[in-house]
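One letter stands for each residue in the lines below.
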Amino acid sequence: MSGVNVRVPTILRTYTSGESEVTASGATLREVLTDLETNYPGISARILDDSGKIRRFVNVYVGDEDVRFASGVETATPAGSRVSVVPAVAGG
Amino acid sequence: MAITATESHTTVTRPFGPASALSCRECGERYEIGPRFACEQCFGPLEVAYDFSGVSIDAIKSGPPSIWRYASLLPVPADVASRPNMAPGFTPLVRADRLAAELGLRSLHVKDDSANPTHSFKDRVVAMAVEAARAFGFHTLSCSSTGNLAGAVGAAAARAGLRSCVFIPAGLEEGKVVMAAVYGGRVVAIDGSYDDVNRFCSELIGDPAGEDWGFVNVNLRPFYAEGSKTLAYEIVEQLGWRLPEQIIIPIASGSQLTKIDKGFRELIELGLVEDTPYTVFGAQATGCSPVAKAWEAGHDVVQPVKPDTIAKSLAIGNPADGPYVLDVARRSGGCVSHVSDEEIVDSISLLARTEGIFAETAGGVTTGVLRRLLAEGKLDPNKETVVLNTGDGLKTLNAATAGVSATIAPSLEAFRDAGLAH
Ligand SMILES: Cc1ncc(COP(=O)(O)O)c(C=O)c1O
Ligand SMILES: [Zn+2]
């Protein structure tokens, strides 16, 4: 399976030794997060809650699309796609 | 790295005044004051926590006629008013007797924030962010904006002597674009919605390209958001140190509504105002009403939407403070409602015709929701009500349906023939 680029927000870079972008593999967002977890233990519990859902104040995008407009953690992550994890911010 | 606080100057006053820490609104985890905005444990939003002292009505009354009279309740240095700034706030609380009579309300006030320096409530929040940017040593002020914030950032940066670069969705109202650009900063239109702009800015913050940039609504957001509390303080002071019984507030991200509620609660806790019940109503445009939809469905999560409304200043499809808006409405016995684009246009005319206040689309939304809530029996016509007008109609001229009554020759005959004498 070929790689997916994951953009890591500042507050999660303690898990990636400061890297802002890492690669992972998986056909769905859930698989990508599972793969991330094997390389960067602890990271997926920051993004997902205890029931395996994306936390309330995290936005996850595959390409430009918020995964809540697609299939959430089951959203497809085709080879070469970019996953971005971004804290929610209010005000604008 | 922009994540650690840097003491760039040695100041005699505390740069953040009574602010003591940042705390996570979700899990309570506390953090040292710095340009951080999300909890490292749970991603929850960080809020300014305080150690208040020296707050008194007398001290407030003797302060300047701007938001700085409330400096002892804000994350700013005590000498804030003497630094170059826009000095926003202390906008009129207009007694709206004619509108009240037309709608059948006993007592109504319009808090008219179009009277701010760049004609929207955003000058209040930006004033906080500028002080934080100074304290952290950022050289460029930035934001993601639906328009009003961009103008407020451009102006405040100009006066403070900071560079600015703001990001807006392409296709905003011309009045907002010109107001953002005229102060000499950069204005970058992004081909996408506000939510796309917001994601882009959040990514830029984590990139070396955005290092040393203060994004007022991202890495400076905890400070920025506190500016909206001043609306609560002013309304209370202008009512004679009383809480309003009902208040209607427009919602984009929901930050303003949540912080107005925080402002009221602080005044109660500090004993500056009697603890009387107040009800908070949220207002959205039907074409972007994710919080109202969650309210109607009884959910406590907000499902994002793709906005389609003329109320572009409120067109945030993924409102980060949405869940907290639902909490405030529920706790206070209010609700979150919405009105169509036609009702927005109609309500802009109604407010202008009855009170001489020309609102932008956001004011059309709140006035429209006021009317709808009354018709549905959800708002008590006998209670003292405050409705917010957060922006100026000159910025959204396309939404107003008004024009010349007649075009005539410059002669008395033509005037009489056109039936204009009455
Ligand atoms: C005129 C006007 N009113 C209200 C709002 C709502 O602000 P908030 O995002 O704090 O809910 C905005 C936001 O851009 C605005 O421009
Ligand atoms: Zn937390």
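Owing to the predicted nature of the structure, the values given are computational and were not obtained by experimental measurement. (Residues numbered from 1 in each chain as written. Chains lettered and ligands numbered in written order. Predicted model: local features only at pLDDT ≥ 70, side-chain atom pairs only at ≥ 80, totals over all residues. Heavy atoms only, no water.)

Draft legend 1. View of the sheet that holds strand β7 (residues 163-169) of chain B. Residues and elements named next belong to chain B. Across the sheet, 4 strands lie side by side as β8-β7-β6-β9; this open sheet has parallel pairing. Looking at strand neighbours, the two that pair on one side only are β8 (186-190) and β9 (213-215), the edges of this open sheet. Taking each pair of neighbouring strands and ignoring which way they run, the sheet shows an average axis angle of 20°. Pairing of β7 with β8 involves 5 bridges; the strand directions are parallel. Note that in β8 the partner of F167 across the bridge is V188. (Pairing = 2+ DSSP bridges. Helix = DSSP H or I, 4+ residues; strand = E, 2+ residues; numbered from the N terminus. Axes fitted to C-alpha atoms, helices over the stretch in contact; angles between N-to-C directions.)

Draft legend 2. Local environment of unusual backbone geometry. All names here are of chain B. Phi at D212 is positive, roughly 65°, even though this residue is not glycine. Structurally, D212 can be placed in the loop between α6 (194-205) and β9. A relative accessible area of 36% places D212 in the partly exposed class. Of note in this structure, W241 is not a glycine but carries a positive phi near 60°. Mapped onto the elements of the fold, W241 is located in the loop between α8 (229-238) and β10 (246-250). (Buried < 20%, exposed > 50% of the residue type's maximum accessible area, 1.4 Å probe, protein only.)

Draft legend 3. Broad picture of the environment of G214 of chain B. All names here are of chain B. Relative to the elements of secondary structure, G214 occurs in strand β9. For the pair formed by G214 and A101, sequence separation is 113 residues and the distance between their alpha carbons is 46 Å. Apart from residues lying up to four places away in sequence, G214 is in contact with F138, T140, L141, S142, N219 and L220. (Contact = heavy atoms within 4.5 Å.)

Draft legend 4. The site of ligand 1, seen in detail. As a matter of local geometry, ligand 1 sits amid 17 residues, with N148, S253, G254, Q256 and T390 of chain B nearest to it. Lying at an intersection of chains, ligand 1 is approached by residues of chains A and B. With respect to ligand 1, the side chain of T146 of chain B contributes an N or O atom lying 3.2 Å from an oxygen atom. In the model, a nitrogen atom of ligand 1 is placed 2.6 Å from a nitrogen or oxygen of the T390 of chain B side chain. Of all the cavities here, the one that holds ligand 1 is the largest cavity. (Near = heavy atom within 4 Å. Polar contact = N/O pair within 3.5 Å; in protein donor to acceptor, adjacent residues only side chain to side chain. 1 Å grid on protein atoms, 1.4 Å probe; cavity = no way out; pocket = protein on both sides within 12 Å on 5 of 7 lines; lining within 4 Å. Sits in = over half its atoms within 2 Å of the grid points.)

Draft legend 5. Molecular detail of the sheet that holds strand β3 (residues 46-50) of chain B. Taken together, 3 strands build an open sheet; the order of strands is β2-β1-β3 (chain B) and the sheet is antiparallel. Every interior strand has two partners, whereas the edge strands, β2 (30-31) and β3 of chain B, have only one.

Draft legend 6. Structural view of the interface of chain B and chain A. Of the residues lining the interface, 42 residues belong to chain B; the matching set on chain A comes to 30 residues. A combined buried area of about 2,900 Å² lies between chain B and chain A, and 57% of that area is made up of carbon and sulfur atoms. Area buried by chain B at its contact with chain A is led by F43, R199 and E203 of chain B, which between them contribute 26% of it. At the junction of chain B with chain A, the criterion picks out 5 salt bridges. Note that R82 of chain A and E203 of chain B form a salt bridge whose closest N and O atoms lie 3.7 Å from each other. Where chain B touches chain A, the interface holds 17 residue pairs in polar contact (both at pLDDT 80 or more). Elements that contribute at least two residues to the side of chain B that touches chain A include exactly α6, α7 (221-226) and α11 (322-332) of chain B. By residue number, the principal contributor to the side of chain B that touches chain A is α6 of chain B, which donates 6 residues. When grouped by side-chain class, the residues that make up the side of chain B that touches chain A number 19 nonpolar, 13 polar and 10 charged. (Buried area = accessible area lost by both parts, 1.4 Å probe. Salt bridge = Lys/Arg side-chain N within 4 Å of Asp/Glu carboxyl O. Nonpolar A, V, L, I, M, F, W, Y, C, P; charged D, E, K, R; others polar.)

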